[in-house]
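Each chain, letter by letter, is given below.
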Amino acid sequence: MLDVAAIFDMDGVLIDSEPLWCRAEIEVFNNLGVPLTQSMCSQTMGLRTDEVVSYWYARFPWTGVNQSAVAERILNRVGELVATEGKPMPGAVEAVQLCRRMQLPLALATSSPMSLVHLVLKRLGLQDAFDVLNSAETEEFGKPHPAVYLTTARLLGVHPSKCVAVEDSIRGMMSAKNAGMRCIVIPAAEERENPEFAAADIVLDSLEAIDRAWLERVINS
């Protein structure tokens, strides 16, 4: 077994769920009078749901529904969309399966709650693929704080410097880098020119670029 672990983010890395999150948030927030649009959703990319709700409440406070209830509405709607429309990101399932064949310690570290994690993995047929599943919902701070990645490395029994994280967002990349990990980033098409991604170790257009030889070069670099 190679002495390196692979840690995957979930939303936007394994599953094409960012559009589903955006749809759910627009539906829920618009019903509360928050003028959220598709272009505004990127402002909260990578945050936990409770942090997304707090972010928009601070800017467009509403009355009548508490923030935890709003977060639950969003999660329920995303869960419905994942179960019926969720699709893997290009190359995602194959990349996870490759890591399994290479016997890499393998984990998932996400801002989404564990209830959604199980829905996504079932949808993708990856229920038994990961050695560790970890959600930032159990951490005091979400991404870009490194807590979720540090906890994941500890659960894997691998030092953070021996971990390679796979992310899609600025906040997720910062979380992994702040934890002392190497980070492969697959930005959304509209985000690829963001200069902040220069902090990543590698930037790819999709996980389809990953094969065994490529991954071995990354691990041994």
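Here the structure is shown first, and the text comes after it.
Since we're looking at a predicted model, the values are computed, not measured.

Rules used in this analysis
- Sequence order as written defines the numbering, with residues in each chain counted from 1.
- The predicted origin of the model limits local features to residues at a pLDDT of at least 70 and limits the giving and counting of side-chain atom pairs to 80 or more, whereas totals for whole chains, interfaces and linings rest on all residues.
- The basis for every side-chain value is the complete set of non-hydrogen atoms in the structure, without hydrogens or water.
- Secondary structure elements follow DSSP: runs of H or I of four or more residues count as helices, runs of E of two or more count as strands, with numbering from the N terminus.
- What a helix should span is 1.5 Å times the count of its residues minus one.
- Here, two residues are considered to be in contact whenever any of their heavy atoms come within 4.5 Å of each other.
- For two strands to pair, DSSP has to find at least two bridges joining them.
- Only the stretch in contact is used when fitting a helix axis, every axis being a line fitted to C-alpha atoms; angles between N-to-C directions are given from 0 to 180 degrees.
- Buriedness of a pocket was judged along seven lines, with at least five required to meet protein on both sides within 12 Å; pockets are open sets of points on a 1 Å grid over the protein atoms alone, cavities are sets where a 1.4 Å probe fits but cannot get out, and lining residues have an atom within 4 Å of a point.
- Grid points are joined across faces, edges and corners, and a volume is the space filled by probe spheres set on the points.
- Oblique is the label for any angle not under 35 degrees, not over 145, and not in the 65 to 115 range, which are roughly parallel, roughly antiparallel and roughly perpendicular in turn.
- Any residue that is not Ala, Val, Leu, Ile, Met, Phe, Trp, Tyr, Cys, Pro, Asp, Glu, Lys or Arg is counted as polar, Gly included; the first ten are nonpolar and the last four charged.
- Stacked, tilted and edge-to-face pairs are distinguished by plane angle, under 30 degrees for stacked and over 60 for edge-to-face with tilted covering the rest, among Phe, Tyr and Trp rings (Trp via its six-membered ring) whose centres lie within 6.5 Å.
- Note on classification: 1.4 Å probe, protein chains only; a residue is buried when its accessible area is under 20% of the maximum for its type, exposed when over 50%, partly exposed between these limits.
- We call a charge positioned over a ring when the NZ of a Lys or the CZ of an Arg lies within 6 Å of the ring centre and within 35 degrees of the ring normal.
- Disulfide assignment relies on a single distance test, namely cysteine sulfur atoms paired within 2.5 Å.

Things to note about helix α1 (residues 18-31)
The first and last C-alpha atoms of α1 sit 20 Å apart over 14 residues, in line with the 20 Å expected at 1.5 Å per residue. Tucked inside the fold, the buried residues of α1 contact α2 (49-59), α3 (67-85) and α5 (114-124). Glycine 33, located one to two residues past α1, shows a positive phi value of around 90°.

Observations regarding the sheet that holds strand β6 (residues 202-203)
What the 6 strands build is an open sheet, ordered β3-β2-β1-β4-β5-β6; its pairing is parallel. Unpaired on one side and paired on the other, β3 (132-135) and β6 mark the two borders of the sheet. Sheet topology note: the strand β5 (residues 182-185)/β6 ladder contains 2 bridges and is parallel. If you follow valine 185 over to β6, its bridge partner there is valine 203. Here helix α4 (residues 92-101) sits on the sheet and contacts β1 (5-8) and β2 (106-110); the angle it forms with β1, its principal contact strand, is near 160°. This element, helix α7 (residues 170-178), spans β4 (163-167) and β5 of the sheet and lies at about 165° to β5.

Observations regarding empty space enclosed by the protein
Applying the stated criterion across every chain, the model contains 1 cavity of 30 Å³ or more. Every residue lining the largest cavity is counted, 13 residues in all, and those nearest its centre are Ala6, Cys99, Leu104, Val164 and Leu215. Of all elements in the fold, only β1, α4, β4 and α8 (212-220) reach the threshold of two or more residues within the lining of the largest cavity. When residues of the lining of the largest cavity are assigned to their parent elements, the largest contribution, 3 residues, is made by β1.

Here we look at the packing of α3 against α5
Direction vectors running N to C along α3 and α5 enclose 10°, while the axes themselves pass 9 Å from each other. With respect to their mutual orientation, α3 and α5 come out roughly parallel. Here Val78, Gly79, Val82, Ala83, Thr84 and Glu85 of α3 lie close against α5, whose contacting residues are Leu116, Leu119, Val120 and Arg123. Here the residues of the contact of α3 with α5 are counted per class, giving 6 nonpolar, 2 polar and 2 charged.

Here we look at the packing of aromatic side chains
Inspection of the entire model under this criterion finds 5 aromatic pairs. Between tyrosine 55 and tryptophan 56, the aromatic rings sit 4.8 Å apart at their centres with planes inclined by 85°, giving edge-to-face as the arrangement. As far as burial versus exposure is concerned, tyrosine 55 and tryptophan 56 are alike and both buried. The rings of Phe29, Tyr57 and Trp62 are connected pair by pair, giving a single aromatic cluster. Taking the ring centre of tyrosine 55 as reference, the NZ or CZ of arginine 59 above it sits at 3.4 Å.

Here's the deal with the state of the cysteines
Overall, the coordinates contain 0 disulfides when judged by the stated rule. Between cysteine 99, a cysteine without a disulfide, and cysteine 163, which holds the nearest cysteine sulfur, the sulfur-to-sulfur distance is 12 Å. Judged by its relative accessible area of 4%, cysteine 99 is buried.

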